[in-house]
Amino acid sequence: MNEAALVLWVLCAAVAVLALRAGRGVAQDGVRFAGRQLRVILPMLVLALPAAGFIAALIPDDLARAWIGPESGARGILLASVAGGLIPGGPFVSFPLVLAFAQSGAGVPQLVALTSGWAVLAFHRLLIWELPVMGPSFTVLRLLVSAALPALSGFAAQGLIALGLFEGRLLP
């Protein structure tokens, strides 16, 4: 079991105890909610994880390293920032793709920029939700003030790694 799983187990146990203290009905509601969510999420995971494996097998390692590998530097960070914004869907699509790029030789700062681009830019979400709901003025303003954030996060990661603040294996 890795550290992240251990933290989740501890958090789950703690909130289960709190729910039981609040009453048996509260705990039962929590279990029912978890079951409903599991029925929605599990099929996506069952499809997304093998898809990521297939994508990882299809991405030529030399191509991934050339475009967003550790030696791609600023160009790779900028490219990864934009590419992240182009990744459609939620975390069940994006994180398996990020993992596939990691396994194909992408650099850590570039992966930070990629995930940040997905989280901040999300062009699919912008077109489907933000523009129609929030309107063009808000959407343009948000893009103007946040467009640089994915690249800045990649450069910050590169700097922190260069300072030796993160050592050892950073990726699974």
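Everything numeric in this text was worked out from a predicted model, so none of it was measured. All residue numbers refer to positions counted from 1 along the written sequence of the respective chain. In keeping with the model being predicted, local features are shown solely for residues with a pLDDT of at least 70 and side-chain atom pairs are shown and tallied solely at 80 or more, while totals for entire chains, interfaces and linings include all residues. Note that water and hydrogens are dropped before the side-chain values are worked out from all heavy atoms of the structure.

A. Inspection of the overall build of the chain at higher detail. For the chain, the helix and strand inventory stands at nine helices and zero strands. A run of DSSP states H or I qualifies as a helix once it reaches four residues; a run of E qualifies as a strand once it reaches two. Both are numbered from the N-terminal end. Secondary structure of the chain in N-to-C order comes out as α-α-α-α-α-α-α-α-α. Taken along its principal axes, the extent of the C-alpha atoms in the chain is 55 × 45 × 35 Å. For the chain, buried positions account for 28% of its 172 residues. In this description, contact between two residues means that some pair of their heavy atoms is separated by no more than 4.5 Å. Within the chain, contacts between residues at least 6 apart in sequence are counted, and of these 72% link residues at least 24 apart. Here the open area of atoms and residues is found with the Shrake-Rupley method and a 1.4 Å probe, where only the protein chains shown may cover a residue. Summed over all atoms, the accessible surface of the chain reaches about 11,100 Å², with 76% contributed by carbon and sulfur. Only four residue types enter the charge count: Lys and Arg as positive, Asp and Glu as negative, with His and the chain ends excluded. We put the charge of a Lys on NZ, of an Arg on CZ, of an Asp on CG and of a Glu on CD. Seen as two clouds, the 10 positive and the 7 negative side-chain charges of the chain have centres 16 Å apart. Only protein chains enter the area calculation, which uses a 1.4 Å probe; residues under 20% of their type maximum are buried, those over 50% are exposed, and those in between are partly exposed.

B. Layout of the environment of G89. Its location among the elements puts G89 in the loop between α4 (73-86) and α5 (91-103). Residues G89 and R125 lie 36 residues apart in sequence; the distance between their C-alpha atoms is 8.1 Å. With residues up to four places along the chain from it excluded, the contact list for G89 reads W118 and H124.

C. Expanded view of helix α7 (residues 123-134). Helix span, as expected, comes to 1.5 Å for every residue beyond the first. End to end, α7 covers just 14 Å across 12 residues, shorter than the expected 16 Å (1.5 Å per residue, more than 12% under). G135 lies just past α7 and shows a positive phi near 90°.

D. Main features of a nonpolar patch on the surface. Patches were defined on residues exceeding 30% relative accessible area and lacking a salt bridge, with like-charge contacts within 9 Å and nonpolar side-chain contacts (Val, Leu, Ile, Met, Phe, Trp, Tyr) within 5 Å. Salt bridges are counted wherever a side-chain nitrogen of Lys or Arg sits within 4 Å of a carboxyl oxygen of Asp or Glu. On the surface, L127, I128, W129, L131, V133, M134 and F138 cluster together to form a nonpolar patch covering roughly 740 Å² of accessible area. By the secondary structure assignment, W129 is in helix α7.

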